[in-house]
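Single-letter residue listing:
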Amino acid sequence: MIRYILFDLDETLYPATSGLMPAIGERMRIYLQERYHLDAEHAHALQKRYFNQYGTTLRGLMLEQKIDPQDYLGFVHDVDVAQFIHPDARLREVLGSIPFEKVIVTNADAPHAERVLARLSVADEFEQIFDIVFMQFECKPARGAYERVLEKLGVRGDECILVEDMARNLPAARELGIRTILLMDPRTADQTGAWFLDPAAEARSRECPSDANMCIKEIYEVADTIQKLANAPVRTSK
Ligand SMILES: [Mg+2]
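The text that follows walks through the structure, step by step, so that each part is easy to find. Positions within a chain are numbered from 1, following the residues in the order the chain's sequence is written. Given that the model is predicted, a residue must reach a pLDDT of at least 70 before its local features are reported, and side-chain atom pairs must reach 80 or more before they are shown or counted; all residues, however, enter totals for whole chains, interfaces and linings. As a rule here, side-chain values come from all non-hydrogen atoms in the structure, and water together with hydrogens is ignored.

1. A look at the nonpolar core
- Ranked by internal contacts, the top residues of the largest apolar core, which has 52 residues, are Ile5, Phe7, Leu13, Tyr72, Ile98, Val222 and Ile226.
- Numbering goes from the N terminus for both helices and strands, where a helix is a DSSP run of H or I of at least four residues and a strand is a run of E of at least two. A per-element tally of this core places helix H1 (residues 20-36) first, with seven residues.
- Here this core gathers at least three residues from each of two domains, domain 1 (4-15 + 86-231) and domain 2 (20-81).
- Of all hydrophobic cores here, the second largest spans 23 residues; its members include Met135, Leu150, Leu176 and Ile178. We define a nonpolar core as any set of buried Ala, Val, Leu, Ile, Met, Phe, Trp, Tyr and Cys residues linked to one another through side-chain atoms lying within 4.5 Å. Partly exposed residues are those whose accessible area sits between 20% and 50% of the maximum for their type, while under 20% is buried and over 50% is exposed, using a 1.4 Å probe and protein chains only. Domain start and end points were adopted from an automatic or database domain assignment.

Have a look at this one:
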């Protein structure tokens, strides 16, 4: 029986076309440039390498540079979210119709998540926020990130559904028995200019990957899809 829906935050609850994540990516690049006296090109390359190798730029910085994570998180999330996203009454209605508890599981920090949820006008729809600090910086796609969340909620993986926009975050969840819904926004399938490289970005535009139980094209489909998945017989991964 499903008890919790684990929602990713960024580019799941609002469209990737909003420009918010590129703005945060730009802050990350500036951070690297200023702290390590790099030019823009080298900072961007380092940022991408960390993201692809460690899951987040921050994880790479912590492991290779021993930085203060709070200093970094404060700096990179210092953007005015109101410039990029707006109250979303339709999203609020969709979330409100989901008959399960909802929580946020994000690689960002809680203050950013709170600002985003407040701006979208959906903050009260979520019972808890599990952020990168809660994960002790072992962020998605690491299996430990999901294990910590399940332990804290006191549930098994098969009592949860994950809603995500990044295919690379699905396999570890599926290993734990969590059912998965992947948001495959056709408008953002071609992200050749994106600030990071999602290894699954190319596949996004074509077909629903095997690690996703179901795929949706926009977040507004999520309530109906959760209902279908919650009622469906459990299909185990691999
Ligand atoms: Mg996301």
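So, next bit.
2. Some thoughts on the pairing of strand E4 (residues 160-164)
- Here E4 lies mainly inside the structure; five of its five residues are buried.
- Of the two faces of E4, both are covered, the one formed by Cys160, Leu162 and Glu164 as well as the one formed by Ile161 and Val163.
- Where strand E1 (residues 4-7) meets E4, four bridges bridge the pair, whose relative direction is parallel. Counterpart to Tyr4 in the pairing with E4 is Cys160.
- Any two strands between which DSSP finds at least two bridges are classified as paired. Sheet topology note: the E4/strand E5 (residues 179-183) ladder contains four bridges and is parallel. Looking at E5, one finds that Val163 is bridged to Ile181.
- Here is how to tell: hold the view so the strands point away, follow the path from the first strand over the helix to the second, and if it runs clockwise the crossover is right-handed. At this point the chain moves from E4, through helix H8 (residues 170-175), to the parallel E5, and the crossover so formed is right-handed.

3. Here we look at the state of the cysteines
- We call a pair of cysteine sulfur atoms a disulfide when they lie within 2.5 Å. Tallying each qualifying case throughout the model produces one disulfide.
- Covalent S-S linkage joins Cys208 and Cys215, the inter-sulfur distance amounting to 2.0 Å. The S-S bond linking Cys208 to Cys215 shows a torsion near 85 degrees; that makes this disulfide right-handed.
- Overall, Cys215 belongs to the partly exposed group, its relative accessible area being 25%.

4. Describing the packing of H1 against helix H2 (residues 40-54)
- Axis definition: a line fitted to C-alpha atoms, over the contacting stretch in the case of helices. Angles run 0 to 180 degrees between N-to-C directions. Relative orientation of the contacting elements H1 and H2 amounts to 115 degrees, with a least axis distance of 9 Å. In terms of axis orientation, H1 runs roughly perpendicular to H2. Seen from above, H1 lies across H2 with right-handed handedness. Residues Gly25, Met28, Arg29, Leu32 and Gln33 of H1 pack against Ala40, Ala43, His44, Leu46 and Gln47 of H2.
- Any residue outside Ala, Val, Leu, Ile, Met, Phe, Trp, Tyr, Cys, Pro, Asp, Glu, Lys and Arg is labelled polar, Gly included; the first ten of those are nonpolar and the last four are charged. The residue inventory of the contact of H1 with H2, partitioned by class, reads five nonpolar, four polar and one charged. Orientation labels follow simple angle bins: below 35 degrees gives roughly parallel, above 145 gives roughly antiparallel, 65 to 115 gives roughly perpendicular, and whatever is left gives oblique. Crossings are assigned a handedness: left-handed for a near helix turned anticlockwise from the far helix by less than a right angle, right-handed for a clockwise turn. We call two residues in contact whenever any of their non-hydrogen atoms come within 4.5 Å of each other.

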